[in-house]
Amino acid sequence: MKMFDKFKYIIKICLEQSKGMLVIGCLYTIISGLAPVIILQLTKKIMNMIEFQTGNSKILVLFLVVIVFVNALQTGLSYCNTAAASLASYIMTDKFEVSVLKKISKIKPLYFDTLYFNDLLNRLYSGSNKDFSVLFTSIINIGQSIIIVTSYLVSLAFSNINIFEKGMILIASILGVFYRRYYFHKQDCLTNESFEKTNFLDRKRRLFNDIVFVSEVQDELKIFKAQKYFEKTIISLAKEIYVISKKMQYKIHNLNRIGAIGVYILERVVYLFLLYDIYKGSLNYGDFVLIVGVLEGLFAEGGKINLNFSSLYEAFYHIESIKEFHNLQEFPENKGVRVANINEIEFENVCFKYPDSNEYVLKNINLYIKEGEKIGILGENGSGKSTLLKLLLNLYEPDYGRITLNKIDMKEYNLKSLYAQISVVFQDFCKYAITIKEFITGDEEESEDNLHKMREAARKAGISELINNLPQKYDTLLSREFSGETTGISIGQWQKLSLARMYYRNSKIVVLDEPSASLDAISEKESVELLLNSVDKKIIILVSHNLANIVKCDHIVILSNGTIIAEGTHNELLKTSSLYKTMYLEQLNRFEI
């Protein structure tokens, strides 16, 4: 992204938020840019009037009144500009948050499993990069400094000093500006280098820090005395970040110190020449005050211009991250073939690996599923069961091979209509801080039919009695964080709520990933039997370690190290798969079947 394009982007953002804020900013820029030189010229006049005893007291008072008025106007506009910048920052930050939320709902879920994406998110939300006020204020300040420098140069050109001294002041100012440009450039490079080194460490530190404050893990932390481990890790990471940051700050301090000494010497050399002119009588006090003010102003404004360009450079770095984020590939939710019916699903030689890995987690998967079939998936931890489900749900895409729905590649389907046909109960279900009604029905309209369907879904999931005994019933908030009146929901009850949400959707594909893992034995038996027996003409995919559930499926698939090593009915696998037979007999001996 070129520098000019970045400026256009920033101006566009400012204009989108409020033209009024930009008008205030421009007015402040012009008046604040002209105010210093007006005050200097009036001060020069006053000094000359005092020195040469010319003019009268009325003119002197008028000059003083104008100085006070200009100062007051500048101060008033400064307050308005600060308020406008704060408001612009708030609006732009809010717009940024909304744009991220909208984008995050559209991007491919696979990104969340990559180091690149998590580092990108950290860059988006890291420290000062998120402060959009720098976009507004830096441009205003740069404009103000350019006006001040121009007016100072005009004053210098018409001042009563010789051409040699004018050249000295100009050269000293230019050298100061170039050194500050070099200093701020090096500072930006060192800051970004430090950020790149600490980005991963900072993300890890904040992740560990967040864990310590999660209510669900407090019992484990205390019983296993894990607080000390997290405490040591967080402190260790903080020390690593500190060491890297300290080295950067030391280098920046040394650069600044050298520059400050150089600027100080340049200023003093010019002062000596000006004092010599006063001694000779070729320069009066008023002109001396003016030239000193111009010199100090040129040095100061040169520094401000560089400082604000440095701030913009940081903002540009953030803008690059925003652009990079918004360019991430999206799910084309509203494009493609609409799903009318689901007759069959087929995996054709499917292979898959995660972006940050060279090793395939699924290899040469071939699987055919027809309407009304109940498929059981069995395998050890890490065998690829969860990845297989995510491919089936079109959350991931195969690296090789394809997955078809009714003989059409799943990529060709309209995702919105596809997901309307799918219900899923994950083993690691999410706990949302919303009401029970919102959890089960989602964002569907609150009609009488939908409310009846919600209550029926809760009854099927075996959770309706509990809900009806709660003071707020279906309006009960599922979190203690926002209401002291909420009733705690156990893990098993959360799983029943997830089952109720699945029943409510009444989809044609039902995916169950250990759906009874948190249920007691009686609830588990009732839930699985209800699921397998009450879903006519639906495709059911059941992942479970409990063979008492798996044996009830029409077709069983056994995964190991990312490949299908055996498949068939329960009776067929007892004859053909030694692994399945061993697992079955082991659970049989433990009275699980």
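Residues numbered from 1 in each chain as written. Predicted model: local features only at pLDDT ≥ 70, side-chain atom pairs only at ≥ 80, totals over all residues. Heavy atoms only, no water.

Notes on the sheet that holds strand 6 (residues 422-425)
- Strand order in the open sheet formed by six strands is 6-7-8-3-9-10, with mixed pairing between adjacent strands. The sheet is open, and its two edges are formed by strand 6 and strand 10 (563-568), each paired on a single side. In this sheet, adjacent strand axes meet at a mean angle of 15° when their direction is disregarded.
- Pairing of strand 6 with strand 7 (residues 509-513), which is carried by four bridges, proceeds in the parallel orientation. Following the sheet pairing, V425 is matched in strand 7 by L512.
- Sheet strands touched by helix 10 (residues 385-392): strand 3 (374-379), strand 7, strand 8 (539-543) and strand 9 (555-560). Its angle to strand 3, the strand with the most contacts, is close to 145°.
- The sheet strands contacting helix 15 (residues 491-505) are strand 6 and strand 7, and the helix crosses strand 6 at an angle near 170°. (Pairing = 2+ DSSP bridges. Helix = DSSP H or I, 4+ residues; strand = E, 2+ residues; numbered from the N terminus. Axes fitted to C-alpha atoms, helices over the stretch in contact; angles between N-to-C directions. Contact = heavy atoms within 4.5 Å.)

Structural notes on the side chain of E373
- With respect to the helices and strands, the residue E373 is situated in the loop between strand 2 (362-370) and strand 3.
- We note that E373 is buried and unpaired, the nearest opposite charge coming from K370 at a distance of 5.4 Å.
- A polar contact of 3.1 Å, which involves the side chain of E373, links it to the backbone nitrogen of K370.
- When neighbours within four sequence positions are excluded, E373 is seen to be in contact with Y368, K538, I539, I540, D554 and H555. (Buried < 20%, exposed > 50% of the residue type's maximum accessible area, 1.4 Å probe, protein only. Lys, Arg positive; Asp, Glu negative; His and termini not counted. Salt bridge = Lys/Arg side-chain N within 4 Å of Asp/Glu carboxyl O. Polar contact = N/O pair within 3.5 Å; in protein donor to acceptor, adjacent residues only side chain to side chain.)

Some remarks on a nonpolar patch on the surface
- A cluster of nonpolar side chains, contributed by I163, F164, I261, Y264, I265, V269 and F273, occupies part of the molecular surface with about 720 Å² of accessible area.
- Taken together, the elements giving at least two residues each to the nonpolar patch come down to helix 6 (163-212) and helix 8 (227-280).
- Sort the elements by how many residues they give to the nonpolar patch and helix 8 lands first, with five residues.
- The residue I261 is located in helix 8 in this model. (Patch = residues over 30% accessible without salt bridge, like charges linked within 9 Å, V, L, I, M, F, W, Y side chains within 5 Å. Areas by Shrake-Rupley, 256 points an atom, 1.4 Å probe, with all protein chains shown as cover.)

Considering the pattern of salt bridges
- Following the criterion strictly, the structure yields seven salt bridges and no others.
- Notably, a salt bridge pairs E301 with K304, separated by 3.4 Å at the nearest N-O pair. Here the residue E301 and the residue K304 both occupy positions in helix 9 (residues 285-326), the gap between them amounting to three residues, near one helical turn.
- Since its relative accessible area comes to 40%, K304 is described here as partly exposed.
- Between E456 and R459 there is a salt bridge, with its nearest N and O atoms 2.4 Å apart. Remark: R459 and E456 occur in helix 13 (residues 448-460); sequence separation between them is three residues, near one turn of the helix.

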